[in-house]
Amino acid sequence: MTHPLLDLPPLTAARFAAIEDRVARLLETRQDVLITQGEALLPLEGAIRAAAGPGTVALNVITGPYGQTFGDWLRDSGATVHDLAVPFDSAVTADQVRAAFAEHPEIDFVSLVHAEAATGNTNPVAEIGEAVREQGALFYLDAVASVGAEPVLPDAWGVDLCVIGAQKAMGGPAGVSAIAVSERAWARMAANPGAPRRSYLSLLDWKERWIDGGRKALPHAPAQLEMLALDACMERIEADGLHTVMARHRGLARATRAGALALGGGLRPYVLQERDAAPVATTLRVPAGTVASELVARALESDPGLPLAAGGGALAKEMIRVNHYGPDATPQVVRRALAALGTALAAQGLTVDPEAAMAAVDEFVL
């Protein structure tokens, strides 16, 4: 018995390279683009371990949990790390980055998360990139959550290592990811004696065996189904138009924020300023005396398929996340999420106005 997902001809090197070229067009980059055969943590960790070492002095910006993880990897690689942490309900500014450079002029590596889906904030990468260029530091960016929901432009922003994943706003698979690498990032890796080699984390092995070889022979068997799914999701984005897809996410973020405020019950946006709110997900602070994880559990009882989650760790008590990305980037999902949250809040004796919430949503999506 044949099966359309199993009995497929092998993915050729030419098809693999064509999918990489499609990713490069999405990012509007002339840098080398490498599709890595694993979830985005693979190139995120691989890039840090390849480009950072005992001689590196890094500025690690923390606006959420992934920034904390990057600091751990940098320290484990032997780098000297200066953390720039800002409250999770806001974004970092270019002025704060410049102030860190003034205090530590030896900084030569900057790590930043573009959008933190876990906390619902997004950082002004274009302005920060200008500051990093002035410093002459290598710029590493996690754009996994932002790509497809807002512009990601490594060349225009001076990003040397830009990692993306398709599983969020792009609406694609989680099993493959991609990284755009500048020439000076490759040079930094080649000069680093601690860069992973003969390892699944090794970006240099891929460069030498794949990119430098003219992308004629794959180093190992690719994740075929995930590669085809990545190609299909980019085809869908191209058909809709990237600006249309980004506008959809942006509109839904504004609708969720406005709808939550209109709903009442004590809900309010977790990210204080709308300009700092990520288009990929909206985080909400629950009213005093309410536990976010319990409120989410009650909301999911009425609609189990909703993309609702409580914050991680200590944030599980105070934060709710409404994911509105990829296939969930629809007005219907936002309306259902707010309706379920309204039901859960009402069950705790709080006053809500679901009709006002729906009207607020409709102002941004109709």
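Note that this is a predicted model, so its numbers are computed, not measured.

Procedures and definitions
Positions within a chain are numbered from 1, following the residues in the order the chain's sequence is written. Since the coordinates come from a predicted model, pLDDT governs what is reported: local features require at least 70, and pairs of side-chain atoms require 80 or more to be given and counted, while whole-chain, interface and lining totals use all residues. Water and hydrogen atoms play no part in the side-chain values, which are based on all heavy atoms of the structure. Patch construction takes residues with relative accessible area above 30% that form no salt bridge. Like charges are linked within 9 Å, and nonpolar side chains (Val, Leu, Ile, Met, Phe, Trp, Tyr) are linked within 5 Å. With residues, only the protein chains shown are counted as cover, and all accessible areas are computed by Shrake-Rupley using a 1.4 Å probe. The working definition used for a salt bridge is a side-chain nitrogen of Lys or Arg within 4 Å of a carboxyl oxygen of Asp or Glu. Only protein chains enter the accessibility calculation, which uses a 1.4 Å probe; a residue whose area is less than 20% of its type maximum is buried, one above 50% is exposed, and one in between is partly exposed. Here, a strand pair is defined by DSSP locating no fewer than two bridges between the strands. For helices the rule is a DSSP run of H or I covering at least 4 residues; for strands it is a run of E covering at least 2, with both sets numbered from the N terminus onward. We call two residues contacting when some pair of their heavy atoms lies within 4.5 Å. Axes, fitted as lines to C-alpha atoms, cover a helix only where it is in contact. Angles between the N-to-C directions of the axes lie from 0 to 180 degrees. For this analysis, a nonpolar core means a set of buried residues of the types Ala, Val, Leu, Ile, Met, Phe, Trp, Tyr and Cys, connected via side-chain atoms within 4.5 Å.

1. So, a nonpolar patch on the surface
Working step 1: On the surface, a cluster of nonpolar side chains totalling about 370 Å² of accessible area is made up of Leu5, Leu6, Leu8 and Leu225.
Working step 2: On the basis of relative accessibility, which here comes to 51%, the residue leucine 5 falls in the exposed class.

2. Observations concerning the sheet that holds strand S13 (residues 319-323)
Working step 1: Read across the open sheet, the four strands follow the order S10-S11-S13-S12; overall the sheet is antiparallel. Edge positions in the sheet fall to strand S10 (268-269) and strand S12 (308-310), since each of these pairs with one other strand and no more.
Working step 2: Relative to S13, strand S11 (residues 281-285) runs antiparallel, the two being bridged by five bridges. Residue pairing for S13: arginine 285 is matched across the bridge by methionine 319.
Working step 3: Here helix H12 (residues 331-347) sits on the sheet in contact with S11, S12 and S13, set at roughly 155 degrees to S13.

3. As for unusual backbone geometry
Working step 1: You will see that glutamate 28, though not glycine, has its phi angle at about 50 degrees, which is positive.
Working step 2: Structurally, the position occupied by glutamate 28 is in the loop between helix H1 (13-27) and strand S1 (32-36).
Working step 3: Although it is not a glycine, arginine 198 adopts a positive phi angle of roughly 50 degrees.
Working step 4: Of note, arginine 198 is situated in the loop between helix H7 (183-190) and helix H8 (203-211).

4. Description of the environment of alanine 260
Working step 1: Within the secondary structure layout, alanine 260 lies in helix H10 (residues 242-263).
Working step 2: Excluding residues within four positions of it along the chain, alanine 260 makes contact with Leu267, Leu284 and Leu338.

5. A short note on the pattern of salt bridges
Working step 1: Inspection of the entire model under this criterion finds 21 salt bridges.
Working step 2: With its nearest N and O atoms 3.0 Å apart, the salt bridge here joins aspartate 231 to arginine 15. Placement of the pair is aspartate 231 in helix H9 (residues 224-240) and arginine 15 in helix H1, with a sequence separation of 216 residues.
Working step 3: For arginine 15, a relative accessible area of 37% gives the class partly exposed.
Working step 4: Where salt bridges share partners, they join Arg15, Arg22, Asp231 and Glu238 into one cluster.

6. Side note on the side chain of serine 111
Working step 1: Among the structural elements, serine 111 can be located in strand S4 (residues 109-113).
Working step 2: Classification of serine 111 as buried rests on a relative accessible area of 0%.
Working step 3: Leaving out residues up to four positions away in the same chain, serine 111 has contacts with Leu59, Asn60, Val61, Phe70, Leu74 and Tyr140.

7. Overview of the pairing of strand S9 (residues 177-181)
Working step 1: Counting buried positions over the five residues of S9 gives five, a clear majority of the element.
Working step 2: Side chains Ser177, Ile179 and Val181 of S9 all project onto a buried face; the interleaved residues Ala178 and Ala180 project onto the opposite face, where all are buried too.
Working step 3: Two elements, S1 and S9, share five bridges in a ladder whose sense is antiparallel. Looking at S9, one finds that isoleucine 35 is bridged to alanine 178.
Working step 4: Looking at chain direction, strand S8 (residues 161-165) and S9 are connected through five bridges and run antiparallel. Each bridged residue has a counterpart across the sheet, and for isoleucine 164 the counterpart in S9 is alanine 178.

8. Focus on the nonpolar core
Burial of nonpolar side chains together is a common tendency in soluble globular proteins.
Working step 1: Core analysis: the largest hydrophobic core is formed by 81 residues, its most contacted members being Leu161, Met170 and Leu230.
Working step 2: With eight residues, H1 is the single largest residue contributor to this core.
Working step 3: Discounting residues that sit within four places of it in the chain, methionine 170 has contacts with Leu26, Val147, Gly148, Ile164, Gly165, Leu230, Cys233, Met234, Arg236 and Ile237.
Working step 4: Membership of the second largest hydrophobic core comes to 26 residues, among which are Leu252, Val296, Ile320 and Val322.

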